[in-house]
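Coordinates in review
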Amino acid sequence: MAPGRTGQNGHARPSKLSGDSDDEKMDLNLKLDNIHPRAKTPAFIYVLTFFSALGGFLFGYDTGVISGAMILLRNSFSLSSVWQELVVSVTIAAAAVFALVGGFLNDRLGRRPVIMGASLLFTLGSIMMAVAKDKFALLAGRVVVGAGIGLTSTTIPMYLAECSPSYARGSLVSTNIAMVAFGQFMANVVDGIFGVDAKDGWRYMLGLGAVPSTAQFLGFLFMPESPRWLVSIGREEKARRILQSMRGALDIEEEYDNIKQTCVELEREKLNRGKTPVIVQMLQLPAIRRSLMVGCSLQIIQQVAGINTVMYYSATIIRMSGVKSDEAAIWLSAVTAAVNFLFTLVGLYLVERIGRRPLTLGSLMGAIVSLAWLAVGFHLSALNTPPIDTIEKIAGDSHCSRYRCVSCNDCRKDLDCGYCYVDLPTVVTNSSCLPTSYDNPWVSTVGRCNSSALTGGVTWAYDYCPTPYSWMPMVGLVLYLISFAPGMGPMPWTINSEIYPLWARSTGNSVSTFMNWAFNLAVSMSFITLTETLTRYGTFWLYACLAFAGAILLALILPETKGRTLEEVEGLFARSWFTRSWFASSADPIQALNPQTIQYVHIRGLNRDGRESELDSPE
């Protein structure tokens, strides 16, 4: 029998058990569970997490600020629906490309230089957008910012996971996503503050992103490199010193030995693999292929469930529900972003208490119910819009005049028409359907609403209809974020930072992040088009169905990684999908690693066939 180990807290950790009584196993589990709560996380880790998570804040700010800014931009630059989608989506496309570039740079340069480079891109892109003179210059700034988002979204979760102690890794990595939510909230607050300036407000909205990016760059001048990356390139003494500062203790030998042994196995495998690309090696090994499937599935399901459609187009969705004021739509969007941030903090509290798997699945089921509510709300809104009771005499014949004695919704569905009406305190009256231009739909081409400064109590509605059911989509948005934010928001990033071995970590994170941005692009680019073809309620029914299919898949393949070191997590994928350990409770860390009578605490890594390392095989 292999001798036991002594952890850095002084507790004996036997390497295997056989024939123990239930009471003895329970006592051992209680001892193991009690190791981590007594460990004290040094202040340095929190400082490192703060400066790292500024990248998450920038991620959230630059993707969220466009929601309110778009209401002003579409008027300033006369943006058509296609250009609105392009301004939003070009950032996502750039992020997808640079997510893959980030995987390569992380292996070659390390984590710290990539984060600092991303900070510079954020600053440059923010300045470019703030001084943009036309929509093409604006688009160029959005591309540069997207490059920064792609690099940080790949690098920061991995960097935090490699620097964090195992007992706090879930909450520290999830802090980055909490900062994404906080960035989206602050973006909406900034949108609300500067939304009153119809001419230049958007310049302040987009330009203020340079402030946190500069702070992150300056902070990272004093932050260390990941100790795991340093060991992998042979700088062992520096890695040891950094790990000691991160743990606040000199006794880091067990963790350091685990990291070093993993790197020794990595070097041995490099010799065996030759020059085969890392992604090809990952696909050849069953265990790594399983982890990649889990990681990519999480990121894809997060997007097809519609989260970034809700965040990017929150102000637009609120307008669609029947809120007619631009300023009110921006501030209500800020409320939804605040809900998203607050309930992401709930996820930080729960992740190390109930585990990744139940938090993810419970969150996804709540999102499905909320999407169904949104669909029903938009359907009721469409069925209950005011009628058209006036036919205006206008020069020339317009096909919009055929919408007589029908409802606002019938007029609104025609992209060349809009609804002009008088909004009295208790009733909508004197309404007509007037023609408009697809490139400038914010006024009618003729009639009473042919002016940006409407008079006589006349209101022009192109992208919404007044309805008594406008509250239902608003409630649905809030319920959706309450459900989604604690689990499906942070968990795909947290789990992806944990499930790949060191040699595949950069590539695995970059591939899964690329999938996130690629599906993010597809969903956000198609949102307005889908609402015009499938109807608004049909679009949300589609998201609900895709989320339900994703929940079934994750219930089958998602393991629990709570409480395990990064080296131990590798062993979870060494067995087939449907073993008992896949669904085992994380309350018993030894039983969860292996369902057999003989159990292992340390699984150092995987050999090139995807099996457990010989270092931990039975005698």
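Report follows, based on the coordinates. Since the model is a prediction, treat every value here as computed from it, not as a measurement.

1. Considering the overall build of the chain
What the chain contains, in helices and strands, is 24 helices and 5 strands. Relative to its 619 residues, the chain shows a buried fraction of 59%. Accessible surface computed for the chain: about 23,500 Å², of which carbon and sulfur atoms make up 64%.

2. Let's talk about helix α13 (residues 286–304)
An ideal rise of 1.5 Å per residue puts 27 Å on 19 residues; α13 measures up with 26 Å between its terminal C-alpha atoms. Among the 19 residues of α13, 15 are classified as buried, and the element is accordingly described as predominantly covered. One or two residues past the end of α13 sits Gly306, with phi positive at roughly 90°.

3. Things to note about empty space enclosed by the protein
Under the defined criterion, the tally for this structure stands at 6 cavities of 30 Å³ or more. Volume-wise, the largest cavity comes out at about 210 Å³. Lining the largest cavity we find 19 residues, and of these Ile177, Val180, Gln302, Ile307 and Gly489 sit closest to its centre. The leading source of residues in the lining of the largest cavity is helix α6 (residues 169–194), at 4 residues. Taken together, the residues that form the lining of the largest cavity break down as 10 nonpolar, 9 polar and no charged.

4. Focus on the pattern of salt bridges
For the structure shown, the criterion picks out 11 salt bridges. Between Glu255 and Arg247 there is a salt bridge, and its shortest N-O distance comes to 2.8 Å. Across this residue pair, the class does not change: Glu255 and Arg247 are buried. A salt bridge links Glu392 to Arg448, with the shortest nitrogen-to-oxygen separation between them at 2.7 Å. On the criterion of sequence distance, the pair formed by Glu392 in the loop between α17 (356–383) and α18 (408–412) and Arg448 in the loop between β4 (428–435) and β5 (458–461) is long-range, its members being 56 residues apart. By sharing partners, the salt bridges in this structure join Arg169, Glu352, Arg356 and Glu498 into a single network.

5. A few points about unusual backbone geometry
Even without being glycine, Asn430 reaches a positive phi, approximately 50°. One can find Asn430 in strand β4. With phi around 75°, Thr535 is a residue other than glycine that occupies positive phi space.

6. Comments concerning the state of the cysteines
In total, this model carries 4 disulfides according to the counting rule given. The side chain of Cys420 participates in a disulfide bridge whose partner is Cys449; the two sulfur atoms lie 2.0 Å from each other. Across the S-S bond linking Cys420 and Cys449, the dihedral sits near 80°, which makes this disulfide right-handed. One end of the pair, Cys420, is in strand β3 (residues 417–423); the other, Cys449, is in the loop between β4 and β5, with 29 residues separating them in the sequence. Owing to a relative accessible area of 0%, Cys420 belongs among the buried residues under this scheme.

7. A look at the sheet that holds β3
Here we have 3 strands laid out as an open sheet, ordered β4-β3-β5, and antiparallel in their pairing. The two strands at the open ends of the sheet, each matched to only one other strand, are β4 and β5. The average angle at which neighbouring strand axes cross in this sheet is 25°, direction not considered. As judged from the 4 bridges shared by β3 and β5, these two strands associate in the antiparallel manner.

8. Describing the packing of aromatic side chains
Under the criterion given, the structure shown has 16 aromatic pairs. Between Phe57 and Phe182, the ring centres sit 5.8 Å apart and the planes meet at 50°, which makes this aromatic pair tilted. Of this pair, Phe57 sits in helix α2 (residues 43–76) while Phe182 sits in helix α6, and the two are 125 residues apart along the sequence. By relative accessible area, which is 13% here, Phe57 ends up buried. Given the relative accessible area of 26%, Phe182 is considered partly exposed. A ring pair is formed by Phe182 and Phe341, whose centres lie 4.9 Å apart and whose planes are at 45°; its orientation type is tilted. Within this pair, whereas Phe182 is found in helix α6, its partner Phe341 is found in helix α16 (residues 326–354), the two being separated by 159 residues in sequence. With a relative accessible area of 17%, Phe341 lands in the buried category. Put simply, the rings of Phe57, Tyr61, Phe182, Phe185 and Phe341 touch in pairs and so form one group of aromatic residues. The side chain of Arg353 reaches across the aromatic face of Tyr349, ending 3.9 Å from its centre.

Reading the values: rules and limits
- Residues numbered from 1 in each chain as written.
- Predicted model: local features only at pLDDT ≥ 70, side-chain atom pairs only at ≥ 80, totals over all residues.
- Heavy atoms only, no water.
- Helix = DSSP H or I, 4+ residues; strand = E, 2+ residues; numbered from the N terminus.
- Buried < 20%, exposed > 50% of the residue type's maximum accessible area, 1.4 Å probe, protein only.
- Areas by Shrake-Rupley, 256 points an atom, 1.4 Å probe, with all protein chains shown as cover.
- Expected span 1.5 Å × (residues − 1).
- 1 Å grid on protein atoms, 1.4 Å probe; cavity = no way out; pocket = protein on both sides within 12 Å on 5 of 7 lines; lining within 4 Å.
- Points joined across faces, edges and corners; volume = space filled by probe spheres on them.
- Nonpolar A, V, L, I, M, F, W, Y, C, P; charged D, E, K, R; others polar.
- Salt bridge = Lys/Arg side-chain N within 4 Å of Asp/Glu carboxyl O.
- Disulfide = S-S within 2.5 Å.
- Pairing = 2+ DSSP bridges.
- Axes fitted to C-alpha atoms, helices over the stretch in contact; angles between N-to-C directions.
- Phe/Tyr/Trp six-rings, centres within 6.5 Å; stacked < 30°, edge-to-face > 60°.
- Lys NZ or Arg CZ within 6 Å of the ring centre and 35° of its normal.

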